[in-house]
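Descriptive structure summary
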Protein chains: 6
Amino acid sequence: MSAYDLPLEELRAFRPPLRLPDGFDDFWQRTLDELAQHPADVRRTPEPAGLTTVDVDDVRFAGWGGDEVAAWLLRPAGATGPLPCVVEFVGYSGGRGLPWERLLWSSAGYAHLVVDTRGQGWAWTTGVTADPGHDGGPAAPGMLTRGLHDPHEHYYRRLYADAVRAVEVARSLPEVDPDAVVAHGISQGGGVALAVAGLVPGLLGVMADVPFLCAFRRAVDLTDAEPYAEVVRWLASHRDDVERAFLTLDHVDAVHLASRASAPALVSVALRDEVCPPSTVFAAYNHYGGDRADEVDKQVRVWWGNGHEGGGGHQQREQLAWLAGRVAAR
Amino acid sequence: MSAYDLPLEELRAFRPPLRLPDGFDDFWQRTLDELAQHPADVRRTPEPAGLTTVDVDDVRFAGWGGDEVAAWLLRPAGATGPLPCVVEFVGYSGGRGLPWERLLWSSAGYAHLVVDTRGQGWAWTTGVTADPGHDGGPAAPGMLTRGLHDPHEHYYRRLYADAVRAVEVARSLPEVDPDAVVAHGISQGGGVALAVAGLVPGLLGVMADVPFLCAFRRAVDLTDAEPYAEVVRWLASHRDDVERAFLTLDHVDAVHLASRASAPALVSVALRDEVCPPSTVFAAYNHYGGDRADEVDKQVRVWWGNGHEGGGGHQQREQLAWLAGRVAAR
Amino acid sequence: MSAYDLPLEELRAFRPPLRLPDGFDDFWQRTLDELAQHPADVRRTPEPAGLTTVDVDDVRFAGWGGDEVAAWLLRPAGATGPLPCVVEFVGYSGGRGLPWERLLWSSAGYAHLVVDTRGQGWAWTTGVTADPGHDGGPAAPGMLTRGLHDPHEHYYRRLYADAVRAVEVARSLPEVDPDAVVAHGISQGGGVALAVAGLVPGLLGVMADVPFLCAFRRAVDLTDAEPYAEVVRWLASHRDDVERAFLTLDHVDAVHLASRASAPALVSVALRDEVCPPSTVFAAYNHYGGDRADEVDKQVRVWWGNGHEGGGGHQQREQLAWLAGRVAAR
Amino acid sequence: MSAYDLPLEELRAFRPPLRLPDGFDDFWQRTLDELAQHPADVRRTPEPAGLTTVDVDDVRFAGWGGDEVAAWLLRPAGATGPLPCVVEFVGYSGGRGLPWERLLWSSAGYAHLVVDTRGQGWAWTTGVTADPGHDGGPAAPGMLTRGLHDPHEHYYRRLYADAVRAVEVARSLPEVDPDAVVAHGISQGGGVALAVAGLVPGLLGVMADVPFLCAFRRAVDLTDAEPYAEVVRWLASHRDDVERAFLTLDHVDAVHLASRASAPALVSVALRDEVCPPSTVFAAYNHYGGDRADEVDKQVRVWWGNGHEGGGGHQQREQLAWLAGRVAAR
Amino acid sequence: MSAYDLPLEELRAFRPPLRLPDGFDDFWQRTLDELAQHPADVRRTPEPAGLTTVDVDDVRFAGWGGDEVAAWLLRPAGATGPLPCVVEFVGYSGGRGLPWERLLWSSAGYAHLVVDTRGQGWAWTTGVTADPGHDGGPAAPGMLTRGLHDPHEHYYRRLYADAVRAVEVARSLPEVDPDAVVAHGISQGGGVALAVAGLVPGLLGVMADVPFLCAFRRAVDLTDAEPYAEVVRWLASHRDDVERAFLTLDHVDAVHLASRASAPALVSVALRDEVCPPSTVFAAYNHYGGDRADEVDKQVRVWWGNGHEGGGGHQQREQLAWLAGRVAAR
Amino acid sequence: MSAYDLPLEELRAFRPPLRLPDGFDDFWQRTLDELAQHPADVRRTPEPAGLTTVDVDDVRFAGWGGDEVAAWLLRPAGATGPLPCVVEFVGYSGGRGLPWERLLWSSAGYAHLVVDTRGQGWAWTTGVTADPGHDGGPAAPGMLTRGLHDPHEHYYRRLYADAVRAVEVARSLPEVDPDAVVAHGISQGGGVALAVAGLVPGLLGVMADVPFLCAFRRAVDLTDAEPYAEVVRWLASHRDDVERAFLTLDHVDAVHLASRASAPALVSVALRDEVCPPSTVFAAYNHYGGDRADEVDKQVRVWWGNGHEGGGGHQQREQLAWLAGRVAAR
């Protein structure tokens, strides 16, 4: 994939007009209110993972609609805390996987909550969490078109609510310092982290890598790649539903939620990312903080030669340093 | 796609051992019993389709679990019947579409019930029927892995039940001669038609073209093409579930249900079909009729140079003649 | 295919300068004169198609150079007319096919003449009409480079003449109202319909979907897809012939012929059409009517999420309504 | 392309039954008789090619049906002969090209007649020779399906006749020793050379590299690659014509004509050739010489790691030596 | 990739004849002798990796020819040992990467030496180790054809020697129990691990996943995938060198070295692995142990639905258990 | 590949700012000085090529670092000269090949020195020249990343030095007129020819076709094609090295060296060249001659419909005429 999007200097300045639907903030407030009606109901079970430096628990809690959501809690063996905590949301098609697949944050001294993704987990990492909230209506394979006709029914409303709940759960854990919780994720996980930043106050930080779920209207015109292509595939046969579908997507667009965020943020973007076009990431980054976008404590790390793999271990190096700095600065 | 499967002479003789799971017939009897607990609840509304030679109704009825299933009823304008009726099931990813997209059978003097496919209809033809019976558990995009852990939860159990119900609905219509109902479909629709033939007695005939859903264990080893590939994709990350998954698929394998069928059948197969490998179709065809497979009135039409598009209009020519013969012979 | 062409607002205004070759109108007048020297010599034979609501005739007539051209005539069973008539030209690589493959217009009460395409019919639908007018000169596989060195020898001159003749034939049929003939087609058929609109006065209407054969000079720079790619492939080895080739193509460019048209028109375009780039379709649409382009009764239907499949059954819905309106308004 | 065909030891023994159609030898005798009715009518013009060591003439002669066929004659500058002569037929889609594109044989001291291919020359090398003998009947793009319904109308009947005539023309040139003419070609040119060997007595030799046009019935089942795929593409829509098509192809199958050959032969084959599968080449090689196949002076050079590019310059090294030996041995 | 190789039951029995070149064991003994002439010269530097549960050192030592080879040593923070140690070799194109990219084995209580790969590290994980031993002779891009003309010059001779040295280095570390060293790797790393098992006595075990470098002669005929395809690409132009090349590869074939191994082994294989065909892995597995192949303590884990990604985290689960068992059993 | 780069009128004017690194001219002067320390040490051996009109010698000489470089010398049989001489550099992945593969220039009366490419020759034409100057450091497969960290170590520094030496060698040959030497090549060979033009005074001319190695910073953003993609692939994992890498490439950018050239030049460019984007070629062409770019005797031949195959035999026709003119004009 050659450098197909805007040149870097234009990307840095790219802040397209928001298309906030009417009642956007009310929609999300009602969503949080509805979520609050289901108590978190946290259950945890030690998981015999065969590790010696890290302890693992299988954590279950009630997400959107009271549906059970699974997570792994990893932390340094024997740690009593309270520790700062990284709450991680995973990329599209993946689930929480197996506990030894994500050892970075616990090995670096943090509590780490890896949150499963409802209905996903069919590739690279497995998942166990169902999406019973889906009404079963016709949808193109994948998640983006589940409930595309109505923001209240859309899949990402449910997933963002699960993510908000996951932060609440993390804050409730005895090992975790509730004032030191960081939302983190790559791709879909990065989009969810941005959304969480717009919905949950008081986060220590947000680390969003090559985030998906940003600037849908632009993304579908820039790339044919999955998963944005699901939207186009659906609308290719449901030809009468184009505007209604984008109105729904406007409600769950991470650019819009990022404009409500205020926590410190470290974002990464890759200039040859054909899955999440760089200008959609910059749209989110540049709007991050909304009216105070120029004052918010935020940074973006640009990876010149990468596609959607982004910064990989090099971005982790940045994050280890950035996060250590945030913790130290408290 | 070159001729990658067995040579034609071997295909004609190909009858691999059945792998009927324990309690196979009971499983389906219980399924039919459970279906019977929901009355069909047929509703029909004239559809203003802008046609003059064909009348169209939008038909809705209760399928598996009482879920609403949509269909189109087409028949020659003004016909009072009773007419022989073609009940058609549609191919993977499609739905019942728009009424003027399938004018063949009504133009040939038949009643024609085009049955929607629950949860599908995202490509080439649209659909409106939901699959609320899905428990929302993690599944690879597509339908084959919905409920792969348990035959009772598997998607095709629900779909076959809808199809059985559709035949019942057709038989109940005043325009239709209940003794002259034919099950028909292409690809997924062909697999469903074979399944219906194994579940419903007294059909006038079955016309199954390049059927999908046959000989899963073999198909996934012969082709990488969608949709069989959904099974492999799922099992690639759910590595512990291989045997359980195939045990489920054995329950919905159209080869197994075809071995319980007895109605006259016209099957078609394409020798370069990379989606539904010819040997999987011949497995169904050769087992069709079970113990009496050699006595059943059945034919197979082989298309030498075709892939999954099969015989197209040429196969329709065969079907018009074959079906006219069946009607005349009554 | 992402949205690779101009944005929609620019497409709507896109009217590039015409490049009418010297003597363009004379060229076509001489072509029509030459066509007139061969009488139409219509022969028709009832075709036993196995249908009850539609009657079918195999129609043969003399096209360009007196070459025999085949067509199907379909109309409501027993209709005596005079009926309005849809004359349909088919897409690239296809032929008139089998009569039951196109039942829409006769089922909607129209006479329907499906015209074969000389020398084509090698894919999806078969054909039986030869192109003996071809001098056999070296040509890249396909039709676009047949006679590329001279507009008099170019394939599309012959094909457009056949199409003009087909309209004459339709008007001569007893079932057809000669004042109510509509030219229609998809892709190549749409380009031919536009050309016919520029060559034949008095049409009731033109329905051209995702038309091919428009704005060759632009198309070959915008897309690599077949069949426009035939031109590039040929010129890649015939490197000295570039200008001469485009001069020939200017003679058969449907944009140029559309600028001579005046009949009411319903055009469709798909924004992700990689075969017929949307700006080439808008070039034709915006020039349609020539000096009176802003006064002509025309509409364009834009399909947002579609490639070259265009509007499919949804576009047919538009056409059924539009055409009923045209007929009613007479 | 991995080694997808038979193992080498089986290839060496691979001699599938011939499927000579009834009247095969008569068919070709009548073809030669008909060819003889048109005098060769050779015209030659010096071509100013800008070379100093090689002289070039543009040669034109009457081929099948009296159609003009073009060729280049190259020979060492100032040579008066009589020289042994390589008559070369070119690969599919190519033409005789430009004279300086094929300098090998004249630089090695031979006369070299490069024969154009009727109707081809659209890629890599240009051509100027038309195929007016084509009746214009519907055909898939390419040459294989021109006249597929009747061996008398098939394209390769005309091309083989041109090739026979080219040998006659070479023998008539004053610079050429008529007893020292070699038929040569790569791919299509190799198939034509084998055919010529079966039709023309008294050749000094045949050099056929990775020959096309061999064992059609097998080739279309082994490879999807062009140009064999043209046959399948055509028969995919002309579904009723399969047997008739193969009967036609049996008439022009180079395996069958090779079984009538007796001249010394040097054949090459590549084990990863996806265009001309190695077993189709071995079928021709092993049948070469027919009843006396085991006595004929022939060799095959096997290239282990090559696809259809074959032996390239290395095969030329073999040919330079082999041909020098044949000349010396006279 | 469908299941293109032998059926599983045949794979389990697949033990093709070894093609040990003359002097095979001498060749490797001389290689080890030559290696021994360069002292290991181990240097280690603490690496500030930002982790708290794991300590990291940057280790450098002299490999083949005295060339500097880099590695990471990871172990539980503060561990004094002696610990069992996993020596890991990495997959093709990768290098040792960044230390926090491989935390599994140290988190499970082992010392873990991640060894860089000379001249590699251009993808997914970076590397810093040069291959100055390369004579710079023409080679296809990649490593397989470096020195293909002579086993003494071949790249994998150097790499295997580095690997043997890495085991020696591990055994010399104060934290490591020299009797409890395990060779491990995936793909290329798995092939190297098998080779090490054939060259180094006294290992506690070998864990080789979807190993590359096995049964070259078979692999290049079964798959077109990289990196085996490098061999074919090279030989496609170096047509005279086929036998010499394979004679070289026979010297470094991991099947041959595995036949000299005796340590307990856990191998994994994926049935849809298009990079390392399953039969090449089974060839190594079934020959592992040589004359005592049926007595050696070895297991193979078969992954049914996977390609070259193999068992992933599921295989790690197997390895954690297997290795814990080996350690406990001492 | 559609016309993806700038429109032709913009290409003709495209002269982006040079990015000459500090000390650029010194860098190359020192390189030439260092080259001069190794005497050319020319050895020649008659090669028995089997040709009669052309004589061939295998020539060996000392290139950069004194490394042996191979070449073929071809000239009209028996020529004593002094002849004008074409020194040809070959395209990426190729080597000097076999002598009979390049007969054009000797057949046209020139001496012709075909120079091998160090370390290449793995495809289409073989090579025998090593690149021992490579330090073996990690590099992506291919040549572009060898020594990317330092211009002194970069592969193309060595190759350009070989090329300068080849011109010196040609001038020293008794058959060659030292004042009539032309540098020539296609693709990589064209880039080398441009570089030679910037490094060697007094050339009779330069013929550079579709040159590679021009405007690296732009090329990697315009195309994903090999070999430019090697740079991106490397930097995708070596994420910290982007600027250093481009600083190295600036030293060997043929645009920069072309700005130091003054010999008459004939350049060709293809508008659909996806390997060497047309704007990168025009950047070199428009800067050719540097401050005197508008006065230098230069021409560019634009091929409209071609990809990287460029003008082929048609461009040779241009070159034969252009070069004859240059020789005549002396």
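Here we take up the relation of the copies chain A and chain E. Mapping chain A onto chain E calls for a rotation angle of 180° and an axial translation of 0.0 Å; the resulting RMSD is 0.0 Å. The superposition operator between the copies reduces to a two-fold rotation axis. A shared interface surface links the copies, since 100% of the contact residues of chain A are contact residues in chain E too.

Moving on: the sheet that holds strand 9 (residues 205-209) of chain A. Residue and element names in this part refer to chain A. Within the open sheet, the nine strands sit side by side as 1-2-3-5-4-8-9-10-11. Their pairing is mixed. Strands at the two margins of the open sheet, each flanked by one partner only, are strand 1 (43-46) and strand 11 (298-303). Sheet twist, expressed as the mean angle between neighbouring strand axes with direction ignored, is 20°. Where strand 4 (residues 83-89) and strand 5 (residues 111-115) come together, five bridges link them in parallel fashion. In the strand pairing of strand 5, Phe-89 is matched with Val-115. Each of strand 4, strand 8 (176-186) and strand 9 is contacted by helix 5 (residues 188-199), which is oriented at about 140° to strand 8, the strand it contacts most. Contacts from helix 10 (residues 278-287) reach strand 10 (265-270) and strand 11 within the one sheet, and its direction differs from that of strand 10 by about 165°.

Bringing empty space enclosed by the protein into the picture now. Tallied over the full model, the rule gives 12 cavities of 30 Å³ or more. In terms of lining residues, the largest cavity is bounded by 17 residues, among which Gly-142 and Arg-146 of chain A together with Pro-141, Gly-142 and Arg-146 of chain B are the most central. In terms of residue class, the lining of the largest cavity is made up of 11 nonpolar, four polar and two charged.

Taken together, the 27 residues of chain B in the interface contact 27 residues of chain A. Across the chain B to chain A interface the summed buried area is about 1700 Å²; carbon plus sulfur atoms make up 60%. Looking at the side of chain B facing chain A, the largest losses of area belong to Trp-122, Pro-138 and Pro-141 of chain B, adding up to 33% of the total buried there. Counting across the chain B and chain A interface gives zero salt bridges. Where chain B packs against chain A, one counts six residue pairs in polar contact (both at pLDDT 80 or more). Put simply, the parts of the chain that give the side of chain B that touches chain A at least two residues each are strand 6 (122-123) and helix 7 (229-237) of chain B. With three residues, the single largest contributor to the side of chain B that touches chain A is helix 7 of chain B. Looking at the side of chain B that touches chain A residue by residue, the classes come out as 11 nonpolar, 12 polar and four charged.

Let us look at the pattern of salt bridges. A complete count under the given rule lists 180 salt bridges over all chains for this structure. Where Asp-57 of chain C meets Arg-44 of chain C, a salt bridge forms, and the shortest distance between an N and an O atom there is 2.7 Å. With Asp-57 of chain C in strand 2 (residues 54-62) and Arg-44 of chain C in strand 1 (residues 43-46), the pair connects residues that are 13 residues apart, well separated along the chain. Classification of Asp-57 of chain C by relative accessible area gives buried; the value is 6%. For Arg-146 of chain D, the salt bridge goes to Asp-131 of chain D, with nearest N and O atoms at 2.9 Å. One end of the pair, Arg-146 of chain D, is in the loop between strand 7 (125-126) and helix 4 (155-172); the other, Asp-131 of chain D, is in the loop between strand 7 and helix 4, and 15 residues separate them in sequence.

Residues and elements named next belong to chain A. Where helix 2 (residues 24-36) contacts helix 4 (residues 155-172), the two axes come as close as 10 Å, and the packing angle between them is 60°. Considering the angle they form, helix 2 stands oblique to helix 4. In this structure, helix 2 crosses over helix 4, and the sense of that crossing is right-handed. For the pair formed by helix 2 and helix 4, the contact residues are Phe-27, Trp-28, Thr-31, Leu-32, Glu-34, Leu-35 and Ala-36 on the first element and Tyr-156, Arg-157, Tyr-160, Ala-161, Val-164, Arg-165 and Glu-168 on the second. Of the residues in the contact of helix 2 with helix 4, the class split is nine nonpolar, one polar and four charged.

Take the confidence of the model for chain A next. Across chain A, pLDDT averages 96, with 100% of residues at or above 70. Interface confidence for the predicted complex, expressed as ipTM, amounts to 0.96; the pTM equals 0.97.

Glancing now at the sheet that holds strand 11 (residues 298-303) of chain C. All names here are of chain C. The nine strands lie next to each other as 1-2-3-5-4-8-9-10-11, forming an open sheet whose pairing is mixed. Two strands close off the open sheet at either side, each with one partner strand: strand 1 and strand 11. Taken pair by pair, the neighbouring strands of this sheet meet at an average axis angle of 20°, ignoring direction. One ladder, built from six bridges, connects strand 4 (residues 83-89) with strand 8 (residues 176-186); its direction is parallel.

Below, the discussion takes up unusual backbone geometry. Generally, phi is negative for residues other than glycine and the peptide bonds are trans, each holding for most cases. In this structure, Pro-227 of chain E follows Glu-226 of chain E across a cis peptide bond, with omega equal to 0°. Considering the arrangement of structural elements, one finds Pro-227 of chain E in the loop between helix 6 (216-222) and helix 7 (229-237). The phi torsion at Ser-187 of chain A lies on the positive side, around 60°, for a residue other than glycine. Within the element layout of this structure, Ser-187 of chain A appears in the loop between strand 8 and helix 5. Of note in this structure, Leu-213 of chain A is not a glycine but carries a positive phi near 80°. If you trace the backbone, Leu-213 of chain A turns up in the loop between strand 9 and helix 6 (216-222).

Right, let's get into the interface of chain A and chain E. Taken together, the contact pairs 21 residues of chain A with 21 residues of chain E. Around 1600 Å² of area is buried between chain A and chain E when both sides are counted, 67% of it from carbon and sulfur atoms. At the boundary of chain A with chain E, the tally comes to zero salt bridges. Breaking the side of chain A that touches chain E down by element, the ones donating at least two residues are helix 3 (104-107) and helix 11 (312-329) of chain A. Of all the elements, helix 11 of chain A adds the most residues to the side of chain A that touches chain E, at five residues. Across the side of chain A that touches chain E, the residue classes break down as nine nonpolar, 10 polar and two charged.

Looking now at the arrangement of the chains. Chain D makes no contact with chain A, the minimum C-alpha separation between the two being 25 Å. Chain B shows no contact with chain F. Their nearest C-alpha atoms sit 25 Å apart.

Reading the values: rules and limits
- Residues numbered from 1 in each chain as written.
- Chains lettered and ligands numbered in written order.
- Predicted model: local features only at pLDDT ≥ 70, side-chain atom pairs only at ≥ 80, totals over all residues.
- Heavy atoms only, no water.
- Least-squares fit on C-alpha atoms with pLDDT ≥ 70 in both.
- Contact = heavy atoms within 4.5 Å.
- Pairing = 2+ DSSP bridges.
- Helix = DSSP H or I, 4+ residues; strand = E, 2+ residues; numbered from the N terminus.
- Axes fitted to C-alpha atoms, helices over the stretch in contact; angles between N-to-C directions.
- 1 Å grid on protein atoms, 1.4 Å probe; cavity = no way out; pocket = protein on both sides within 12 Å on 5 of 7 lines; lining within 4 Å.
- Points joined across faces, edges and corners; volume = space filled by probe spheres on them.
- Nonpolar A, V, L, I, M, F, W, Y, C, P; charged D, E, K, R; others polar.
- Buried area = accessible area lost by both parts, 1.4 Å probe.
- Salt bridge = Lys/Arg side-chain N within 4 Å of Asp/Glu carboxyl O.
- Polar contact = N/O pair within 3.5 Å; in protein donor to acceptor, adjacent residues only side chain to side chain.
- Buried < 20%, exposed > 50% of the residue type's maximum accessible area, 1.4 Å probe, protein only.
- Parallel < 35°, antiparallel > 145°, perpendicular 65-115°, else oblique.
- Left-handed = near helix turned anticlockwise from the far one by under 90°.
- pLDDT = per-residue confidence, 0-100.

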